[in-house]
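A structural walkthrough
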Amino acid sequence: MSEPRLRADAVVVGSGAGGAPAAAALAEAGLEVVLLEAGARWETRDFDGEEARMLARLMKATTASGSGMELYAGACVGGSTVVNDALCWAPPPEVLARWRAEHGLVGLTESTLAPHVERVWAEIGAAPTGPANLSRNARLLEAGARRLGWAGAAMARNVRGCVNLGLCNLGCPSGAKQSALLTWVPRAERAGARVLAHARALRVAIEAGRARGVEVLRLDPASGEPAGPLRVEAPLVVLAAGILETPALLLRSGIAAGEGLQLHSSVSVTARFAEPVYGFFGPTMAYAVTEFSDVHGRHGPGFMLENVSVAAPVTANALPRFGADLERAMGALPHLARTVVVLRDEARGRVTLARDGSARIAYAPTPGDLGRIGDAIGRLARLYLAAGAEEVWLPLEASAPIRSEAELAALAPRALGPRDLTLLYAVHLFGGAAMGGDPAHSVCDEAGAVRGVAGLYVSDASSLPGNTGVNPQVTIMANALRIAERARTGERARAA
Ligand SMILES: Cc1cc2nc3c(=O)[nH]c(=O)nc-3n(C[C@H](O)[C@H](O)[C@H](O)COP(=O)(O)OP(=O)(O)OC[C@H]3O[C@@H](n4cnc5c(N)ncnc54)[C@H](O)[C@@H]3O)c2cc1C
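Attention in this report is confined to the structure presented alongside it. Bear in mind that the values here come from a model prediction, so they are computed numbers and not experimental data.

1. Comments concerning the site of the ligand
Lining the immediate surroundings of the ligand are 37 residues, of which Gly-18, Glu-37, Ser-80, Leu-87 and Gln-473 lie closest. Interatomic distance of 3.1 Å between a backbone N/O atom of Asp-85 and a nitrogen atom of the ligand. Separating an oxygen atom of the ligand from a backbone N or O atom of Ala-461 is a distance of 3.0 Å. Burial of the ligand by the protein amounts to 95% of the accessible area it has alone, namely 1000 Å². Among the secondary structure elements, those contributing two or more residues to the shell around the ligand are β5 (70-74), β11 (199-207), β22 (425-430) and α12 (473-495).

2. Remarks on the pairing of strand β14 (residues 236-239)
Of the two faces of β14, the one carrying Leu-236 and Val-238 and the one carrying Val-237 and Leu-239 are both buried. With four bridges connecting them, strand β2 (residues 10-13) and β14 associate as parallel partners. Bridging from a neighbouring strand, Ala-10 pairs with Leu-236 of β14. Here β14 runs beside strand β23 (residues 456-458); their pairing, made up of three bridges, is parallel. Across the sheet, Leu-239 pairs through a bridge with Val-458, a residue of β23.

3. A word on the nonpolar core
The nonpolar side chains of a soluble globular protein tend to be buried with one another. By size, the foremost hydrophobic cluster in this structure holds 150 residues, and its most contacted members are Leu-36, Leu-250, Tyr-384, Val-392 and Leu-456. The greatest single-element share of this core, amounting to nine residues, is contributed by helix α10 (residues 367-386).

4. What to know about the packing of helix α4 (residues 110-123) against α12
Here α4 crosses α12 at 120°, and the two axes come no closer than 8 Å. One element, α4, and the other, α12, form an angle in the oblique class. Helix-helix and strand crossings are classified by hand; for α4 and α12 the assignment is right-handed. Contacts between α4 and α12 involve Leu-113, His-116, Val-117, Arg-119, Val-120 and Trp-121 from the first element and Val-474, Met-477, Ala-478, Asn-479, Leu-481, Arg-482 and Glu-485 from the second.

5. Comments concerning unusual backbone geometry
A positive phi angle is found at His-198, which is not glycine, with a value near 55°. With respect to the helices and strands, His-198 occurs in the loop between β10 (194-196) and β11. Its identity as a non-glycine residue notwithstanding, Ala-208 has a phi of 50°, on the positive side. Summarising the element assignment, Ala-208 is placed in the loop between β11 and β12 (210-219).

6. Notes on the state of the cysteines
The bond known as a disulfide is covalent and runs between the sulfur atoms of two cysteines. Within this structure, the stated rule accounts for zero disulfides. Looking at the unpaired Cys-162, the closest cysteine sulfur is the one in Cys-168, lying at 6.3 Å.

7. Things to note about the packing of helix α1 (residues 20-28) against α12
It is at 8 Å that the axes of α1 and α12 come closest, and there the two elements cross at 40°. The hand of the α1/α12 crossing is right-handed. For the pair α1 and α12, the contacting residues are Pro-21, Ala-22, Ala-25 and Leu-26 in the first and Met-477, Ala-480, Leu-481, Ala-484 and Arg-488 in the second. Taken together, the residues that form the contact of α1 with α12 break down as eight nonpolar, no polar and one charged.

8. Quick notes on the sheet that holds strand β1 (residues 5-7)
Read from one edge to the other, the open sheet built from four strands follows the order β1-β13-β12-β11, with strand pairing classed as mixed. Where the open sheet ends on each side, the last strands, each with one partner, are β1 and β11. In this sheet, neighbouring strand axes are inclined to one another by 25° on average, regardless of whether the strands run parallel or antiparallel. Summarising the sheet, β12 and strand β13 (residues 226-233) pair through seven bridges and their orientation is antiparallel. By the bridge assignment for β13, Gly-213 is matched with Glu-233.

9. Comments concerning the sheet that holds β14
Ordered in space as β10-β3-β2-β14-β23, the five strands form an open sheet in which the pairing is parallel. Edge positions in the sheet fall to β10 and β23, since each of these pairs with one other strand and no more. Direction aside, the axes of adjacent strands within the sheet are offset by 20° on average. By the bridge criterion, four bridges tie β2 to strand β3 (residues 33-36) in an arrangement that is parallel. Paired with Ala-10 across the two strands is Val-33, which belongs to β3. Against the sheet, α1 contacts β2, β3 and β14, and its axis sits at roughly 170° relative to β3. Sheet strands in contact with α12 are β14 and β23, and its direction is about 170° off that of β23.

10. Examining the environment of Gly-448
Secondary-structure assignment places Gly-448 in the loop between β22 and β23. Remark: the alpha-carbon pair of Gly-448 and Val-458, spanning ten residues in sequence, is separated by 5.3 Å. With sequence-adjacent residues up to four places away left out, Gly-448 is seen in contact with Met-435, Leu-456, Tyr-457, Val-458 and Ile-483.

11. Comments concerning the side chain of Glu-123
Take Glu-123: it is sitting in helix α4. Residue classification places Glu-123 among the buried positions, given a relative accessible area of 13%.

12. Let's talk about the packing of aromatic side chains
Taken as a whole and judged by the stated rule, the model has six aromatic pairs. Among the aromatic residues, ring-to-ring pairing joins Trp-150, Phe-292 and Phe-303 into one connected group. The side chain of Arg-57 reaches across the aromatic face of Trp-42, ending 3.9 Å from its centre.

So, how was this worked out
- Residues numbered from 1 in each chain as written.
- Predicted model: local features only at pLDDT ≥ 70, side-chain atom pairs only at ≥ 80, totals over all residues.
- Heavy atoms only, no water.
- Near = heavy atom within 4 Å.
- Polar contact = N/O pair within 3.5 Å; in protein donor to acceptor, adjacent residues only side chain to side chain.
- Areas by Shrake-Rupley, 256 points an atom, 1.4 Å probe, with all protein chains shown as cover.
- Helix = DSSP H or I, 4+ residues; strand = E, 2+ residues; numbered from the N terminus.
- Buried < 20%, exposed > 50% of the residue type's maximum accessible area, 1.4 Å probe, protein only.
- Pairing = 2+ DSSP bridges.
- Core = buried A, V, L, I, M, F, W, Y, C linked by side-chain atoms within 4.5 Å.
- Axes fitted to C-alpha atoms, helices over the stretch in contact; angles between N-to-C directions.
- Parallel < 35°, antiparallel > 145°, perpendicular 65-115°, else oblique.
- Left-handed = near helix turned anticlockwise from the far one by under 90°.
- Contact = heavy atoms within 4.5 Å.
- Disulfide = S-S within 2.5 Å.
- Nonpolar A, V, L, I, M, F, W, Y, C, P; charged D, E, K, R; others polar.
- Phe/Tyr/Trp six-rings, centres within 6.5 Å; stacked < 30°, edge-to-face > 60°.
- Lys NZ or Arg CZ within 6 Å of the ring centre and 35° of its normal.

Note that every value here comes from positions in space, so none of it alone points to a role or purpose.
Right, here's the structure in full:
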């Protein structure tokens, strides 16, 4: 018996920040669209705030070889937007300029992206965070920055009617966060797109240099076990399975990809205050110290400091303590504040295929990156001491708490390795199938079209040639809309 087949004008693989807007744009332009998603479809009513269950359902983690870094991504309809912190930044002009200069993306300018950014901003309800949504956790970061004279600001967030539950990473049980699940996916469906959850794309079907569709493995919704093949036939294929999968999909389809992966490396610094902070309430992230950033007009070493939730499991994971020591530290949970370093890495990594065809990530921050992480955590310790912290816990294995400027100054300078850091991780992942002007050094051209295969495009974070220096969802969504438009017009022109 032959495998079941579906026919469409376009098939989009992955329903996150890069896939869902592309599917919506193509469907609204009148194309018959199938949107494939390997994960399950959960709705707001399913988000009950129970950490272990929600994280298992919504997220996946991958460990990078070379550093042991943990990389996290969403794994459900809506992708990482369902588990992200809702922070919104416009694409930094400096980054676009660098992509033009270093990667030949001459058409990717502020003005070409502007209409798409505007559309994204409106669709996902991005707006400045007002005082009612600035938690004490965020305010302590702000207070320390003010005392030291460092620049910072409340960030924009894509929420409508946020009630400060502090559960942004668990899907948002109030439905306030305007993830792709609540915005682009329903928009695509209203325009006729068909969303298939539990549908894992295996490879692109390519014949005579042209994409013909996608070979899919359907998964059993209850067990996640293989439930049979499916072939979706379409003359236009858009890949947006995230950097943990899009490069692997290309490789499995016989297309060279996977080089140039880049991250924002992150670690967090935790501080204990005499007064309660209750840092598990309020938006998981809301305030950023921008003083040390190197984008949006700043000229620092290239990191942002953003307050982050002190939800119990993630905080316990990020503390450099064990056993009774960890128990004591966690006993002070209501008094803890926490901030994450978001580093614009200079390192590059790669995605390759394991023997079974799954993706393998190799990535290690450079000594320069690790030096800047050391700088960032030292500055955060100063900030928290300035804000009145009794103790600051640096994310350095086996380190003692810092109680004063003198103790901080006495820390012996040392070259850090990735394994000296407690929970070095990344949630902002870029590249592996990047656009570029030079065919020898880029998988896709400036329109997101995969070189050498007609009708095949990449619209997610894999298509970006490097990191953005800011939380990237708006850049990814705007770029996806741009690529969907270029794909639609490009393919129409080809057909004419
Ligand atoms: C915990 C966390 C917090 C974050 N916070 C922020 C924030 O506050 N602000 C911000 O700007 N950014 C944030 N980000 C980053 C942002 O959400 C991502 O950069 C963005 O969503 C990436 O878009 P993408 O389309 O590349 O991948 P994703 O959004 O991850 O979407 C990829 C989708 O493809 C699916 N998929 C994978 N393989 C296959 C396959 N073979 N077949 C079919 N489907 C497949 C996945 O299940 C997933 O749903 C955060 C990310 C995380 C994980």
